[in-house]
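Summary of structural features
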Amino acid sequence: MNESKEGYDMSYKILVVDDTSFMRKMAADCLKQYGHIVIGEAVNGRDGIQKYKELQPDIVMMDLNMPEMSGIEAIKEILRINPEAIILVCSASNQQDEIDDALEAGARGYLSKPFNSDHLNDAILKYAEPRMQEQESTKSHISLEPETSAEEALAINTQNHN
């Protein structure tokens, strides 16, 4: 599953939430190697929620253990704002209970620290990209009101293609 950095053509807008500046920089550098755009960084869960609202990223990379508000609390709040949000946990925590809690809260996947750019991109391909493609597919279909008949749907579809 190792994509070449030059041949990689899917780029996402990513928000990195981590209380350690070194880890934020390392994540940003790794993401940029694959053409992703780091549209923001946050230093804790509360800051992450605010930046999520402002920036509306495609993907959120979330640390678990942070001051002020934990990653798990922030995951829950972001998913209240947008149930379709794609959040990947990236943490040095080796406590399986904490990882399970994050996944139960709605995180799509987990990547343990330390990581390299290939591992990070593999996590995006494995956990986030299928969800992004699913969301794009849903957007491209015509949504019908419950009372729309098959004939009306056909008429709408015909009008859209003429």
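Everything here concerns the structure above.
Residues numbered from 1 in each chain as written. Predicted model: local features only at pLDDT ≥ 70, side-chain atom pairs only at ≥ 80, totals over all residues. Heavy atoms only, no water.

A word on the pairing of strand E4 (residues 86-91)
The buried count for E4 comes to six of six residues, which makes it a mostly enclosed element. Of the two faces of E4, the one carrying Ile 86, Leu 88 and Cys 90 and the one carrying Ile 87, Val 89 and Ser 91 are both buried. Both strand E3 (residues 59-62) and E4 contribute to a ladder of four bridges, which runs parallel. By the bridge assignment, Met 62 is partnered in E4 with Val 89. Two strands pair when backbone bridges link them, and E4 and strand E5 (residues 109-112) are joined in this way by four bridges, in the parallel orientation. Opposite Cys 90, over in E5, you have Leu 111 as the bridge partner. (Buried < 20%, exposed > 50% of the residue type's maximum accessible area, 1.4 Å probe, protein only. Helix = DSSP H or I, 4+ residues; strand = E, 2+ residues; numbered from the N terminus. Pairing = 2+ DSSP bridges.)

What to know about the nonpolar core
Val 17, Val 60, Met 62, Ile 75, Ile 78, Ile 87 and Val 89 are the most contacted members of the largest nonpolar core, which totals 23 residues. Of all the secondary structure elements, the ones that give two or more residues to this core are strand E1 (13-17), helix H2 (45-55), E3, helix H3 (71-81), E4 and helix H4 (96-105). Here this core gets five residues from one element, more than from any other, and that element is H3. Ignoring sequence-local partners within four residues, the contact set of Val 17 consists of Ala 42, Asn 44, Gly 45, Gly 48, Val 60, Met 61, Met 62, Asp 63 and Met 66. Among the nonpolar cores identified, the runner-up in size contains 22 residues, and Val 16, Ile 86, Leu 111 and Leu 120 belong to it. (Core = buried A, V, L, I, M, F, W, Y, C linked by side-chain atoms within 4.5 Å. Contact = heavy atoms within 4.5 Å.)

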